[in-house]
Amino acid sequence: MQTTRLAQFGSIDETRDPDYFVRFLDAACASASVQAYKRRLLELLDPRGGQRVLDVGCGTGDDVREMAKLVGAGGLVVGIDNSQAMIGVAWQRATGTNLAVEFHVGEALALPFEAGRFDSCLADRSLMHVPDAARALAEMTRVTKPGGRIAVYEVDFETLVIDVDDRVLARKIVNS
Ligand SMILES: C[S@@+](CC[C@H](N)C(=O)[O-])C[C@H]1O[C@@H](n2cnc3c(N)ncnc32)[C@H](O)[C@@H]1O
């Protein structure tokens, strides 16, 4: 059975071309609709000066750097991802920015942090790739302070609409 590249987001380092996933995320992040929902997600998470924030499945760390601008030098934003390749790119992109960020290779199902370590926690399009999303969410809840915010964004592929003339091709793509 052929595994689609979307399904491989859970094990990027085992693929032949981990950089494909970096390019995929960069292309997605360039779209106005992704930028718009990300703005809204950060509004809801509302990171503030001096806070500690965790990004689960941080990918290239673009959201980590964005949130680090909001928490400032007195805060800290930590990105965790199970892909060494992604964490490598995240460190590269943060180099020279002087932002208060850290990146770790780690598993969403067993976050390597003590309970209540963070003021808030984000997961953007990560939980769909984790084998047990409920457990990952329980982990995010554990490491977030009581009363802290958790923001999660996921895609509902059942409602995906592709506006093209070739319906047969569109169905093939959606079902692949
Ligand atoms: C679609 S990308 C989203 C990246 C980033 N959140 C963004 O919005 O650009 C999903 C990310 O989750 C990571 N990931 C997948 N399964 C994971 C797991 N079990 N634990 C930690 N990270 C995981 C992938 O390596 C990938 O970087």
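Up top is the structure these notes are about.
Only a predicted model underlies this, so the values are computations on that prediction, with no experimental measurement involved.

Draft legend 1. The overall build of the protein, seen in detail. Tallying secondary structure elements over the protein gives six helices and five strands in all. Counted from the first residue to the last, the protein has its helices and strands arranged as α-α-β-α-β-α-β-β-α-β-α. Here the C-alpha radius of gyration of the protein, 17 Å, is about what a compact globule of 176 residues would show, namely 16 Å. Taken across its 176 residues, the protein has 38% of its residues classed as buried. Residue pairs in contact within the protein that sit at least 24 positions apart in sequence constitute 68% of those at least 6 positions apart. For the protein, the accessible area works out to roughly 10100 Å², and carbon and sulfur atoms hold 52% of it. Measuring between centres, the 20 positive side-chain charges of the protein sit 2 Å from its 25 negative side-chain charges.

Draft legend 2. Expanded view of the pattern of salt bridges. Tallied over the entire structure, the rule returns 13 salt bridges. Measuring nitrogen to oxygen at the nearest pair gives 3.1 Å for the salt bridge that ties R65 to D62. Residue R65 and its partner D62 are located together in helix α3 (residues 62-71), separated by three residues, close to a single helical turn. Judged by relative accessible area, D62 falls into the partly exposed class, the value being 23%. Across the pair D62 and R93 runs a salt bridge, and its minimum N-O distance is 3.4 Å. Taken together, the residues D62 in helix α3 and R93 in helix α4 (residues 84-94) connect sequence positions 31 residues apart. In this structure, a network of salt bridges that share partners links the residues D26, D62, R65 and R93.

Draft legend 3. Looking closely at the side chain of K38. Of note, K38 is situated in helix α2 (residues 32-45). Looking at K38, the relative accessible area reads 13%, which means it is buried. Apart from the residues within four sequence positions on either side, K38 is in contact with C29, D63, D124 and R125.

Draft legend 4. Highlighting unusual backbone geometry. Here the phi dihedral of D46 falls at roughly 55°; this positive angle occurs in a residue that is not glycine. Residue position: D46 is located in the loop between α2 and β1 (52-56).

Draft legend 5. Quick look at the site of the ligand. Near the ligand there are 21 residues, and of these K38, G57, D81, E107 and D124 occur at the shortest range. Contact between the ligand and E107: a nitrogen atom at 2.8 Å from a side-chain N or O atom of the residue. One nitrogen or oxygen atom from the side chain of R125 is found 2.9 Å from an oxygen atom belonging to the ligand. Grouping the amino acids of the shell around the ligand by side-chain chemistry returns seven nonpolar, eight polar and six charged.

Draft legend 6. Here's a closer look at the sheet that holds strand β2 (residues 76-81). Spatial strand order, β3-β2-β1-β4-β5: five strands in an open sheet with parallel pairing. Strands at the two margins of the open sheet, each flanked by one partner only, are β3 (101-105) and β5 (144-153). Neighbour-to-neighbour, the strand axes of this sheet turn through a mean angle of 20°, independent of strand direction. Where strand β4 (residues 118-124) and β5 come together, six bridges link them in parallel fashion. Bridge assignment links L122 to a residue of β5, and that residue is A151. Most of the contacts of α4 go to β3, to which it runs at about 165°, and overall it touches β2 and β3. In the packing of helix α5 (residues 133-143) onto the sheet, contacts are made with β1, β4 and β5, and the angle to β5 comes to roughly 140°.

Draft legend 7. Expanded view of the packing of aromatic side chains. Considering all chains together, one arrives at seven aromatic pairs under this definition. Centre to centre, the rings of F9 and F24 are 5.5 Å apart; their planes meet at 70°, and the pair counts as edge-to-face. With F9 in the segment before α1 (18-29) and F24 in helix α1, this pair connects stretches of sequence that are 15 residues apart. According to the relative accessible area criterion, F9 is buried, its value standing at 14%.

Draft legend 8. Local environment of the nonpolar core. Counting 19 residues, the largest nonpolar core has M67, V77 and F103 as its most contacted members. Of all the secondary structure elements, the ones that give two or more residues to this core are α2, α3, α4 and β3. For this core, the element with the most residues is α2, which contributes five residues. Contacts of V77, omitting those with residues within four sequence positions, involve V53, V64, M67, A68, V71, A100, V101 and E102.

The rules behind the values
- Residues numbered from 1 in each chain as written.
- Predicted model: local features only at pLDDT ≥ 70, side-chain atom pairs only at ≥ 80, totals over all residues.
- Heavy atoms only, no water.
- Helix = DSSP H or I, 4+ residues; strand = E, 2+ residues; numbered from the N terminus.
- Rg over C-alpha atoms; globule rule 2.2 N^0.38 Å.
- Buried < 20%, exposed > 50% of the residue type's maximum accessible area, 1.4 Å probe, protein only.
- Contact = heavy atoms within 4.5 Å.
- Areas by Shrake-Rupley, 256 points an atom, 1.4 Å probe, with all protein chains shown as cover.
- Lys, Arg positive; Asp, Glu negative; His and termini not counted.
- Charge placed at Lys NZ, Arg CZ, Asp CG, Glu CD.
- Salt bridge = Lys/Arg side-chain N within 4 Å of Asp/Glu carboxyl O.
- Near = heavy atom within 4 Å.
- Polar contact = N/O pair within 3.5 Å; in protein donor to acceptor, adjacent residues only side chain to side chain.
- Nonpolar A, V, L, I, M, F, W, Y, C, P; charged D, E, K, R; others polar.
- Pairing = 2+ DSSP bridges.
- Axes fitted to C-alpha atoms, helices over the stretch in contact; angles between N-to-C directions.
- Phe/Tyr/Trp six-rings, centres within 6.5 Å; stacked < 30°, edge-to-face > 60°.
- Core = buried A, V, L, I, M, F, W, Y, C linked by side-chain atoms within 4.5 Å.

On their own, these measurements won't tell you what the molecule is for.
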